[in-house]
Amino acid sequence: MPFQPIEAPKCPRCGKSVYAAEERLAGGYVFHKNCFKCSMCNKSLDSTNCTEHERELYCKTCHGRKYGPKGYGFGTGAGTLSMDNGSQFLRENGEEPSLRNGARLEPRAIARAPEGQGCPRCGGFVYAAEQMLARGRSWHKECFKCGSCNKGLDSILCCEAPDKNIYCKGCYAKKFGPKGYGYGQGGGALQSDCYAHDDGAPQIRAAIDVDKIQARPGEGCPRCGGVVYAAEQKLSKGREWHKKCFNCHDCHKTLDSINASDGPDKDVYCRTCYGKKWGPHGYGFACGSGFLQTDGLTEDQISANRPFYNPDTTSIKAREGEGCPRCGGAVFAAEQQLSKGKVWHKKCYNCATCHRPLDSVLACDGPDGDIHCRACYGKLFGPKGFGYGHAPTLVSTSGESTIQFPDGRPLNGQRTSGGCPRCGYAVFAAEQMISKSRIWHKRCFYCSDCRKSLDSTNLNDGPDGDIYCRACYGRNFGPKGVGYGLGAGALTTF
């Protein structure tokens with residue numbers, strides 16, 4: 001009997017035999033590995049994204065496009081809108097199917113429901129997968145939109161109207177909300193009337209003039225005589241005022257319970273106008289608030305009514321040794337300043353040298369019986385010498401003047417060749433300053449030209465054996481010419 005090989009299964013795509021090493025299974029059929037791809041987009045498939053239909057393979061997307069449900073919300077078979085234009089599904093006559101938002105739409109036949117049982121908008125049956133509830137009735141998801149602007153709604157935006165329709169919040173407020181000033185969108189925001197372009201819109205006044213509603217004599221607003229209702233009343237001295245009438249009689253400033261003043265003429269004023277009209281007058285009054293005001297008076301009228309006053313306190317002399325130490329005048333309690341048991345005028349309490357105004361912090365009592373500021377006290381009575389003189393913080397603690405010692409250098413002792421190059425006296429370790437292997441006194445360690453005190457940061461050794469600051473060194477030994485001068489690159493003239 002001749003050998004007959006086992007017949008291998010055929011691939012539905014190419015019709016050739018498929019052997020075990022290259023077979024792929026889908027829908028009970030065996031495919032070549034190279035044939036195991038989508039018949040529409042040629043995408044390679046696997047067991048996770050393969051779909052078989054009538055011996056043809058598709059990816060899930062193409063299978064949904066060709067065999068899945070059509071209509072709004074479908075398209076790609078995954079519930080999302082697709083941009084696929086469906087060009088591969090053109091009709092046999094070449095016409096392009098209807099499109100909406102890039103998705104192919106197929107006409108859908110709506111099964112009509114009995115009257116009052118279907119969707120209130122289209123009348124068709126509503127199935128559980130697409131129902132939206134409002135007013136106790138079921139709506140299609142695509143029908144669940146505003147009756148005016150066709151905006152899609154949900155359970156938050158939906159407003160059920162008296163006309164048995166549904167609206168978004170904005171359209172509901174325009175159509176059924178309160179009208180007038182302060183409404184419009186139903187949210188308290190100011191908006192022009194929503195019927196502005198409607199010829200049949202009612203003309204509503206923004207406010208009612210209460211002045212037209214007159215009260216009986218003695219019972220209405222004291223200013224306009226109108227009836228005062230509880231929503232707008234303001235109380236003053238047992239009388240009721242309109243809110244808009246409760247302002248100052250003279251300057252018409254709006255008043256409240258804090259700044260309102262009841263005048264003797266039974267009207268209300270602000271505090272300033274009340275002071276001008278009813279407050280005390282004269283020098284220092286006028287407005288009744290403690291500040292000076294002319295109140296329409298001329299300068300001559302003010303001067304004529306002003307009492308004579310001589311501000312010169314030196315004209316009122318005190319007894320010897322009891323008055324101000326500077327001017328000798330009597331010192332009254334309102335202007336006295338105390339210093340070392342003495343009483344001074346406030347205007348006389350200044351430095352005897354520079355006449356700077358003093359206080360209890362700046363004043364220094366000098367041994368000459370006068371007062372000085374700290375700087376002048378240090379110049380006159382403080383210690384002298386290197387590091388003193390004009391320093392306002394260093395003062396003599398004993399009160400003894402040191403003017404007889406203008407120079408703090410030693411007056412005796414041996415001058416040695418190894419001493420300070422400037423004064424020649426010996427330099428001890430506590431005061432030495434070193435420069436170019438030479439030792440100086442700290443008080444002698446200054447610039448030879450400008451006598452500015454030096455340290456290690458601004459020291460310059462000159463070729464003449466002396467020391468200088470940077471500026472003087474550059475002026476004496478630095479390069480000359482345009483762009484030099486001070487040795488710092490700045491232009492200068494000599």
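Quantities reported herein were computed from a predicted structural model and do not represent experimental measurements.

Draft legend 1. Focus on the overall build of the protein chain. On a plain count of helices and strands, the protein chain comes out with six helices and 22 strands. When contacts within the protein chain are restricted to residue pairs at least 6 apart in sequence, long-range pairs at least 24 apart make up 15% of them. Of the roughly 33,300 Å² of accessible surface on the protein chain, 52% is carried by carbon and sulfur atoms.

Draft legend 2. Structural detail: the packing of aromatic side chains. Considering all chains together, one arrives at twelve aromatic pairs under this definition. Judged by centre distance (5.4 Å) and plane angle (70 degrees), the rings of Tyr468 and Phe477 are edge-to-face. On the accessibility criterion, Tyr468 (4% relative accessible area) is buried. Taken together, the aromatic side chains of Tyr167, Tyr172 and Phe176 make up a single cluster linked through ring pairs. Sitting above the plane of the Tyr446 ring, Arg422 keeps its charged end 4.4 Å from the centroid.

Draft legend 3. Structural view of the pairing of strand 11 (residues 233–236). As paired elements, strand 11 and strand 12 (residues 239–242) share four bridges and run antiparallel to each other. Counterpart to Ser236 in the pairing with strand 12 is Arg239. With antiparallel pairing between neighbouring strands as the criterion, strand 11 and strand 12 make up a hairpin whose turn holds two residues, including Lys237 at a positive phi of roughly 55 degrees.

Draft legend 4. Just the environment of Asn165, in detail. Within the element layout of this structure, Asn165 appears in the loop between strand 9 (159–160) and strand 10 (166–167). Asn165 sits 31 residues away from Ala134 along the chain, and the two C-alpha atoms are 9.3 Å apart. Beyond its immediate stretch of four places on either side in the chain, Asn165 contacts Arg121, Trp139, Gly147, Cys159 and Glu160. Side chain to side chain, Asn165 and Arg121 meet in a polar contact 2.6 Å long.

Draft legend 5. Expanded view of the pattern of salt bridges. Overall, the coordinates contain six salt bridges when judged by the stated rule. With its nearest N and O atoms 2.5 Å apart, the salt bridge here joins Asp370 to Arg326. Here Asp370, found in the loop between strand 17 (364–365) and strand 18 (371–372), pairs with Arg326, found in the loop between helix 4 (299–305) and strand 15 (336–339); they are 44 residues apart in sequence, far enough to count as distant. Note that Arg443 and Glu431 form a salt bridge whose closest N and O atoms lie 3.4 Å from each other. Within this pair, whereas Arg443 is found in the loop between strand 20 (438–441) and strand 21 (460–461), its partner Glu431 is found in the loop between helix 5 (374–381) and strand 19 (432–435), the two being separated by twelve residues in sequence. For Arg443, a relative accessible area of 17% gives the class buried. Exposure remark for Glu431: the relative accessible area of 22% places this residue in the partly exposed category.

Draft legend 6. The side chain of His242, seen in detail. Relative to the helices and strands, His242 is located in strand 12. Residue His242 is classed as buried on the basis of its relative accessible area of 0%. One polar contact links the side chain of His242 to the main-chain carbonyl oxygen of Val227, over a distance of 2.7 Å.

Draft legend 7. A look at the confidence of the model for the protein chain. Mean pLDDT over the protein chain: 76, with 69% of residues reaching 70 or higher. For the stretch residues 389–395, pLDDT sits under 50, and the model shows 14 contacts to residues farther than four places along the chain or on other chains. Overall, residues 401–408 carries pLDDT values under 50, and its contacts beyond four positions in sequence, including any with other chains, amount to ten contacts.

Draft legend 8. Quick peek at the environment of Gly263. Its location among the elements puts Gly263 in the loop between strand 13 (261–262) and strand 14 (268–269). Linking Gly263 and Trp278, residues 15 residues apart in sequence, is a C-alpha distance of 7.6 Å. Apart from residues no more than four positions distant in its own chain, Gly263 is found in contact with Tyr269, Tyr274 and Trp278.

Draft legend 9. Summary view of the nonpolar core. In terms of nonpolar packing, the biggest core is built from 15 residues, with Phe144, Leu153 and Ile166 touching the most fellow members. Phe144 has contacts with Met132, Leu133, Ala134, Trp139, Gly152, Leu153, Asp154, Cys158 and Ile166, leaving out every residue within four places of it along the chain.

Draft legend 10. Fine view of the pairing of strand 16 (residues 342–345). Note: strand 15 against strand 16, four bridges, orientation antiparallel. Its bridge partner being in strand 16, Gln337 is matched across the sheet by Trp344.

Draft legend 11. Here's a closer look at unusual backbone geometry. The phi torsion at Asn150 lies on the positive side, around 60 degrees, for a residue other than glycine. Secondary-structure assignment places Asn150 in the loop between strand 8 (137–140) and strand 9. For Asn150, a relative accessible area of 52% corresponds to the exposed category. Residue Arg451 is not a glycine yet carries a positive backbone phi of 60 degrees. In this fold, Arg451 is placed in the loop between strand 20 and strand 21.

The rules behind these values
Note on numbering: residues in each chain are counted from 1, in written sequence order. Per-residue local features are limited, in this predicted model, to residues with pLDDT of at least 70; the limit for side-chain atom pairs, both in listing and counting, is 80 or more; totals at the level of whole chains, interfaces and linings are taken over all residues. With hydrogens and water stripped out, all remaining heavy atoms of the structure feed into the side-chain values. Numbering of helices and strands runs from the N terminus; a helix is a DSSP stretch of H or I covering at least four residues, while a strand is a stretch of E covering at least two. Two residues qualify as a contact provided that any one of their heavy atoms is within 4.5 Å of a heavy atom in the partner residue. Using a 1.4 Å probe, accessible areas were evaluated by the Shrake-Rupley method; residue-level cover was limited to the displayed protein chains. For this analysis, a ring pair means two rings from Phe, Tyr or Trp (six-membered ring only for Trp) whose centres lie within 6.5 Å, classed as stacked if their planes differ by under 30 degrees, edge-to-face if by over 60, and tilted for the remaining angles. Remark: exposure states derive from per-residue accessible area (1.4 Å probe, protein chains only) relative to the maximum for the residue type, with buried under 20%, exposed over 50%, and partly exposed in between. We call a charge positioned above a ring when the Lys NZ or Arg CZ atom is no farther than 6 Å from the ring centre and deviates by at most 35 degrees from the ring normal. For two strands to pair, DSSP has to find at least two bridges joining them. Distance and chemistry together define a polar contact, namely a pair of N or O atoms within 3.5 Å, with one atom able to donate a hydrogen and the other to accept it when in protein, and with adjacent residues in sequence counting only for side-chain atoms on both sides. Just to be clear on terms, a salt bridge is a Lys or Arg side-chain nitrogen sitting within 4 Å of an Asp or Glu carboxyl oxygen. Scored from 0 to 100, pLDDT records how confident the predictor is in each individual residue. To form a nonpolar core, buried Ala, Val, Leu, Ile, Met, Phe, Trp, Tyr and Cys residues must be joined to one another through side-chain atoms within 4.5 Å.

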